[in-house]
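Secondary and tertiary structure notes
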Amino acid sequence: MLNQIKSFKKKLDKSKDGQVLASNFKYMILLQFTSYIFPLLTIPYLAKVVGVEGFGKIAFAAAVMVWFKTITDWGFNYTATRDVSRNREDLDKVSEIFSNVLWARVFLSLMSLLLLLLLIEVVPYFTENEKILFVTFLIVPGQIFFPEWFFQAMERMKFITIFNIASKTLFTALVFVFIKEKSDFILQPLFISLGYMVSGLGAMYLITVRWEIKVRRPNFPVILKTIKDSTDVFVNNLMPNLYNSFSVVLLGFFGGTVANGLLDAGSKFVNISQQFMNVISRVFFPFLSRKINKHDIYTKLHLLVSVVAVLLLLLLAPTIIGFFFTEEFYEAVPVLQIMSLSIIFTSLISIYGTNYMLIKGYERELRNLTIASSIIGFIISFPLIYYHGFIGAAITITVTRAILGLAITYKSYLLRKNNKRAI
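Below or above, wherever it landed, is the structure these notes cover. Bear in mind that the values here come from a model prediction, so they are computed numbers and not experimental data.

1. Some thoughts on the overall build of the protein chain
Scanning the protein chain for helices and strands turns up 17 helices and zero strands. Taken along the three principal axes of its C-alpha coordinates, the protein chain extends 55 × 50 × 35 Å. A total of 423 residues make up the protein chain; the buried ones form 54% of that total. Approximately 19200 Å² of the protein chain is accessible, and the part contributed by carbon and sulfur atoms is 65%. Distance from the positive charge centre (42 side chains) to the negative charge centre (26 side chains) of the protein chain: 11 Å.

2. Section: empty space enclosed by the protein
Going through the model one piece at a time under the given rule, you end up with two cavities of 30 Å³ or more. Computed from the structure, the second largest cavity encloses a volume of approximately 40 Å³. Lining of the second largest cavity is provided by Phe-98, Val-101, Leu-102, Arg-105, Ile-144, Pro-147 and Trp-149. When residues in the lining of the second largest cavity are grouped by element, the largest group, four residues, is from helix α4 (residues 91–122). When its residues are assigned to classes, the lining of the second largest cavity shows six nonpolar, no polar and one charged.

3. Things to note about the packing of helix α3 (residues 76–87) against α4
It is the contact of α3 with α4, at a shortest axis distance of 9 Å, that shows an interaxial angle of 170 degrees. Here α3 is positioned roughly antiparallel relative to α4, judged by the angle of their axes. Two secondary-structure elements touch here, α3 through Phe-76, Ala-80, Asp-83, Val-84 and Asn-87 and α4 through Lys-93, Val-94, Ile-97, Val-101, Ala-104, Arg-105 and Leu-108. Partitioning the contact of α3 with α4 into residue classes produces eight nonpolar, one polar and three charged.

4. Side note on the pattern of salt bridges
What the rule picks out here adds up to eight salt bridges. Here Arg-216 and Asp-92 are joined by a salt bridge, their closest N and O atoms 2.5 Å apart. Placement of the pair is Arg-216 in the loop between α10 (187–210) and α11 (220–229) and Asp-92 in helix α4, with a sequence separation of 124 residues.

5. A short note on helix α9 (residues 157–178)
In a regular helix each residue adds 1.5 Å, so 22 residues correspond to 32 Å; α9 covers 31 Å between its end C-alpha atoms and thus fits that length. Those residues of α9 not exposed but buried are Met-157, Phe-159, Ile-160, Thr-161, Phe-163, Asn-164, Ser-167, Phe-171, Thr-172, Leu-174 and Val-175.

6. Things to note about the nonpolar core
Ranked by size, the top nonpolar core spans 128 residues in total, and within it Leu-133, Phe-150, Phe-151, Leu-263 and Phe-325 carry the most contacts. No other element matches the 21 residues that helix α13 (residues 245–290) contributes to this core. Excluding anything up to four places from it in sequence, Phe-325 contacts Ile-43, Ala-47, Phe-55, Ala-265, Lys-268 and Phe-269.

7. Some remarks on the packing of aromatic side chains
Applying the stated rule across the entire model yields 25 aromatic pairs. A ring pair is formed by Phe-55 and Phe-329, whose centres lie 5.4 Å apart and whose planes are at 75 degrees; its orientation type is edge-to-face. With Phe-55 in helix α2 (residues 16–73) and Phe-329 in the loop between α14 (295–324) and α15 (333–340), this pair connects stretches of sequence that are 274 residues apart. For the pair Phe-55 and Phe-329, one class covers both residues: buried.

8. Observations concerning helix α12 (residues 231–238)
The buried count for α12 comes to seven of eight residues, which makes it a mostly enclosed element. Looking only at α12, the buried set comprises Asp-232, Val-233, Phe-234, Val-235, Asn-236, Asn-237 and Leu-238.

9. Section: a nonpolar patch on the surface
Nonpolar side chains collect at one region of the surface, where Leu-110, Met-111, Leu-113, Leu-114, Leu-117 and Phe-134 lie side by side and expose about 510 Å² of accessible area between them. In terms of residue count, α4 provides more of the nonpolar patch than any other element does, five residues in total. Looking at the element boundaries, Leu-110 is found in helix α4.

10. With respect to the environment of Ile-280
Structurally, Ile-280 can be placed in helix α13. On a C-alpha basis, the gap between Ile-280 and Val-305 in space is 9.5 Å, while along the polypeptide they are 25 residues apart.

11. Quick look at the side chain of Ser-381
Within the secondary structure, Ser-381 sits in helix α17 (residues 363–422). Residue classification places Ser-381 among the buried residues on the basis of a relative accessible area of 0%. In this structure Ser-381 touches Phe-246, Ser-247, Leu-250, Tyr-386 and Thr-396, once residues within four positions along its chain are discounted.

12. Describing the side chain of Ser-245
With respect to the element layout, Ser-245 can be found in helix α13. Ser-245 gets classed as buried once you look at its relative accessible area, which sits at 5%. Once residues within four sequence positions are removed from consideration, Ser-245 is found in contact with Ala-63, Val-66 and Trp-67.

13. Points about unusual backbone geometry
For Trp-74, which is not a glycine, the phi torsion comes out positive at approximately 50 degrees. A residue is classified by how much of its surface remains accessible, and Trp-74, at 14% relative accessible area, is buried. In this model, Glu-212 sits at a positive phi of 60 degrees, which is unusual for a non-glycine residue. Considering the arrangement of structural elements, one finds Glu-212 in the loop between α10 and α11.

14. Notes on the layout of surface pockets
Each pocket or cavity is described by its volume, and for the second largest pocket that value is around 380 Å³. Considering the residues around the second largest pocket, the lining is formed by 19 residues, among which Asp-83, Ile-97, Thr-226, Asp-229 and Ser-230 are closest to the centre. Secondary-structure elements contributing two or more residues to the lining of the second largest pocket are α3, α4, α11 and α12. In terms of residue count, α3 provides more of the lining of the second largest pocket than any other element does, six residues in total. Looking at the lining of the second largest pocket residue by residue, the class counts come to six nonpolar, five polar and eight charged.

Parameters at a glance
Residues numbered from 1 in each chain as written. Predicted model: local features only at pLDDT ≥ 70, side-chain atom pairs only at ≥ 80, totals over all residues. Heavy atoms only, no water. Helix = DSSP H or I, 4+ residues; strand = E, 2+ residues; numbered from the N terminus. Buried < 20%, exposed > 50% of the residue type's maximum accessible area, 1.4 Å probe, protein only. Areas by Shrake-Rupley, 256 points an atom, 1.4 Å probe, with all protein chains shown as cover. Lys, Arg positive; Asp, Glu negative; His and termini not counted. Charge placed at Lys NZ, Arg CZ, Asp CG, Glu CD. 1 Å grid on protein atoms, 1.4 Å probe; cavity = no way out; pocket = protein on both sides within 12 Å on 5 of 7 lines; lining within 4 Å. Points joined across faces, edges and corners; volume = space filled by probe spheres on them. Nonpolar A, V, L, I, M, F, W, Y, C, P; charged D, E, K, R; others polar. Axes fitted to C-alpha atoms, helices over the stretch in contact; angles between N-to-C directions. Parallel < 35°, antiparallel > 145°, perpendicular 65-115°, else oblique. Contact = heavy atoms within 4.5 Å. Salt bridge = Lys/Arg side-chain N within 4 Å of Asp/Glu carboxyl O. Expected span 1.5 Å × (residues − 1). Core = buried A, V, L, I, M, F, W, Y, C linked by side-chain atoms within 4.5 Å. Phe/Tyr/Trp six-rings, centres within 6.5 Å; stacked < 30°, edge-to-face > 60°. Patch = residues over 30% accessible without salt bridge, like charges linked within 9 Å, V, L, I, M, F, W, Y side chains within 5 Å.

Here it is as structure tokens:
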């Protein structure tokens, strides 16, 4: 397998596509390296200053915001990336797509804010945490004006890297300067939002001035059509929240902020590993949108990296938790070990779902599998979390990802088999 990957690399090095992939991968590796460094600097400090309860409140608010970010994204991070990638030589068409997506996301963010206000009004636990929920919500508009999907579609990962590094540098500096006691935990999401907003200003300047992308006036019927056209992908992105972020929210109700803090600590390094998996996926997605025949090599590369990540986290879990967190977080060790297994299954979801079924136009088939698996995860989350707390939440997330990953892999196999018969 390694020899095949090396052979593929030599061929790519001689082509324009290969040079673009290599450049993008280089910048995304740099981005991922800095994504490791900044959390490694801040996690021990935050764990010591805000404690497990502060970690839990941050995790609860972040889990709630996942729903609103998913609503605001509405699948555009894939559909718009695909569409711009295929039309990037046509500046007028790119301007049309960019404007439609921008205004659609602004509209969806306003709807999300209204929904958050309603939840705070009617749900007591949300009312108790309204301050951190409002502060964390600022991440949503921050991400709208920092359109990573556009740079991905244009295969200009260099700019994603530059803006992200600037954002994380600002965030890290502010954490060390201003977070000094437990009550300062609310500043953490505020600083993340500020980082996004500063990067967003730079990104919008680059897109509209340097690349001359025109932002057109909003047209409400067109906005609604743009939203409708990405609904299948939106449902596919939304449904995993039924077992993923919902498990964190449910754990907050059943177990409180301490349990959320332990789950968050245990899942931190799994999330970091999955971010690295996403680098590979994001670099290849626009390329595979044009050349799906290269999918097998991408599959082998992605699986190889994911297996290495799982083995490292399983073996080093006690060392990682002991080094980066205080003694009150030690119960997070089994969480890290359980959730590390999910990396394999999220890789399968990316390989055969995002980077095959979605590219090939099987959005509905992918949506249906995601809905079915997510409903199973939603159902099992109640007894598992109620009786087993944060360990139950870790099991819920891992088992559901396994069901979804294996289902998508099997469906992809059937689709490929049918396509070969049709030829």
